[in-house]
Amino acid sequence: MKLEIEVIFVMQLSSQGPTHDEIDFEFLGNLSGDPYILHTNVFTQGKGNREQQFYLWFDPTRNFHTYSIAWSAQHIIFLVDNVPIRLFKNAESMGVPFPKNQPMRIYSSLWNADDWATRGGLVKTDWSKAPFTAYYRNFRANTSISTSAFSDSPFQTQELDAYGRRRLRWVQKNFMIYNYCTDLKRFPQGVPTECKHSKV
């Protein structure tokens, strides 16, 4: 996917309704010359607030890159060029809902989110730069179409290997700029339950 971003670009999996599930990749618009921010979020039963944000180690507008979501009943892995950047584990045993019971569709859109996305709403969309575009190449969706097929998939029990865990730690150490699990101002009563057991 190649981007020319001024407004926010969203690629997501989502179900419908007030208790929807959702898995998001979002590219936030920026000032020319500033690094682009890749924003990720996971919604379960209509509740999000599980954001992690990253600078990328390349300019996503210059070439095509691969952005992937590996979603199983055990975990969700966000990948960029096959490098894991985020791992969201199933923590249902601790009472944390996990998106696995609602069918989702794939959506992609450009939309104006300058009330929050562009430096916290400080920078407004420059409509003189329109039209804003996103290009796709070699798009693939590999899915299981039934619960039984989904649970029998070999990826269900596959975990990140040692190399994958090292790459994930490298991205999170060097390129993560926001993690809801460390935002004590936002969660003064303590971070969400899943954050306490999210070590790679």
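- As annotated in an unreviewed UniProt entry, the protein carries the name Xyloglucan endotransglucosylase/hydrolase and comes from Vitis rotundifolia.
- Looking at the Sequence similarities (unreviewed entry) heading of the UniProt record, one finds this comment for the protein: "Belongs to the glycosyl hydrolase 16 family."

Concerning the nonpolar core
Right, on to step 1. Of all hydrophobic cores here, the largest spans 26 residues; its most connected members are Leu-38, Leu-56, Tyr-67, Ile-76, Phe-78, Val-80 and Ile-85.
Right, on to step 2. Put simply, the parts of the chain that give this core at least two residues each are strand E3 (22-28), strand E4 (37-43), strand E7 (75-80) and strand E8 (83-89).
Right, on to step 3. Core analysis: the second largest hydrophobic core is formed by six residues, Ala-70, Ile-77, Leu-79 and Leu-168 among them.

Some details on the sheet that holds E7
Right, on to step 1. A sheet is described by the order of its strands in space; here three strands give the open sequence E6-E7-E8, paired in antiparallel fashion. Each end of this open sheet is capped by a strand with a single partner; those strands are strand E6 (67-71) and E8. Here the strands of the sheet are splayed against their neighbours by 15° on average, with no regard to which way each runs.
Right, on to step 2. Sheet topology note: the E7/E8 ladder contains six bridges and is antiparallel. Across the sheet, Leu-79 pairs through a bridge with Pro-84, a residue of E8.

Description of unusual backbone geometry
The phi angle of most residues is negative, glycine excepted, and most peptide bonds adopt the trans form.
Right, on to step 1. Even without a glycine there, the phi angle at Gln-45 is positive, about 50°.
Right, on to step 2. Following the sequence through the fold, Gln-45 ends up in the loop between E4 and strand E5 (52-55).
Right, on to step 3. Backbone geometry at Asp-81 places phi at a positive 50°, although glycine is not the residue there.
Right, on to step 4. Here Asp-81 shows up in the loop between E7 and E8.
Right, on to step 5. The exposure class assigned to Asp-81 is partly exposed, which follows from its relative accessible area of 28%.

Notes on a positive patch on the surface
Right, on to step 1. Together, Lys-89, Arg-165, Arg-166 and Arg-169 make up a region of like positive charge exposed at the surface.
Right, on to step 2. Looking at the positive patch, the element that brings in the most residues is helix H2 (residues 162-174), giving three residues.
Right, on to step 3. Mapping Lys-89 onto the fold places it in strand E8.
Right, on to step 4. Overall, Lys-89 belongs to the partly exposed group, its relative accessible area being 36%.

Describing the environment of Ile-177
Right, on to step 1. Along the polypeptide, Ile-177 turns up in strand E11 (residues 176-179).
Right, on to step 2. Along the backbone, Ile-177 and Leu-38 are 139 residues apart, and their C-alpha atoms lie at a distance of 9.7 Å.

Examining the pattern of salt bridges
Pairing between side chains of opposite charge can happen when the charged atoms of each approach one another.
Right, on to step 1. Taken as a whole and assessed by the stated rule, the structure comprises three salt bridges.
Right, on to step 2. In this structure, Arg-50 engages Glu-194 in a salt bridge whose closest nitrogen and oxygen atoms are separated by 3.1 Å. Separated by 144 residues along the polypeptide, Arg-50 in the loop between E4 and E5 and Glu-194 in the segment after E11 bring together distant segments of the chain. Each member of the pair Arg-50 and Glu-194 is classed as buried.

Some thoughts on H2
Right, on to step 1. Between its terminal C-alpha atoms H2 stretches 18 Å, which fits the 18 Å expected from 13 residues at 1.5 Å a residue.
Right, on to step 2. Where H2 is buried, its residues contact E5, E8 and E11.

Details of the side chain of Asn-179
Right, on to step 1. Mapping Asn-179 onto the fold places it in strand E11.
Right, on to step 2. When neighbours within four sequence positions are excluded, Asn-179 is seen to be in contact with Glu-51 and Gln-52.

Thoughts on the pairing of E6
Right, on to step 1. Sheet topology note: the E6/E7 ladder contains five bridges and is antiparallel. Looking at E7, one finds that Ile-69 is bridged to Phe-78.

Analysis parameters
Residues numbered from 1 in each chain as written. Predicted model: local features only at pLDDT ≥ 70, side-chain atom pairs only at ≥ 80, totals over all residues. Heavy atoms only, no water. UniProt positions renumbered as here; feature names shortened; annotations may be inferred. Core = buried A, V, L, I, M, F, W, Y, C linked by side-chain atoms within 4.5 Å. Buried < 20%, exposed > 50% of the residue type's maximum accessible area, 1.4 Å probe, protein only. Helix = DSSP H or I, 4+ residues; strand = E, 2+ residues; numbered from the N terminus. Pairing = 2+ DSSP bridges. Axes fitted to C-alpha atoms, helices over the stretch in contact; angles between N-to-C directions. Patch = residues over 30% accessible without salt bridge, like charges linked within 9 Å, V, L, I, M, F, W, Y side chains within 5 Å. Areas by Shrake-Rupley, 256 points an atom, 1.4 Å probe, with all protein chains shown as cover. Salt bridge = Lys/Arg side-chain N within 4 Å of Asp/Glu carboxyl O. Lys, Arg positive; Asp, Glu negative; His and termini not counted. Charge placed at Lys NZ, Arg CZ, Asp CG, Glu CD. Expected span 1.5 Å × (residues − 1). Contact = heavy atoms within 4.5 Å.

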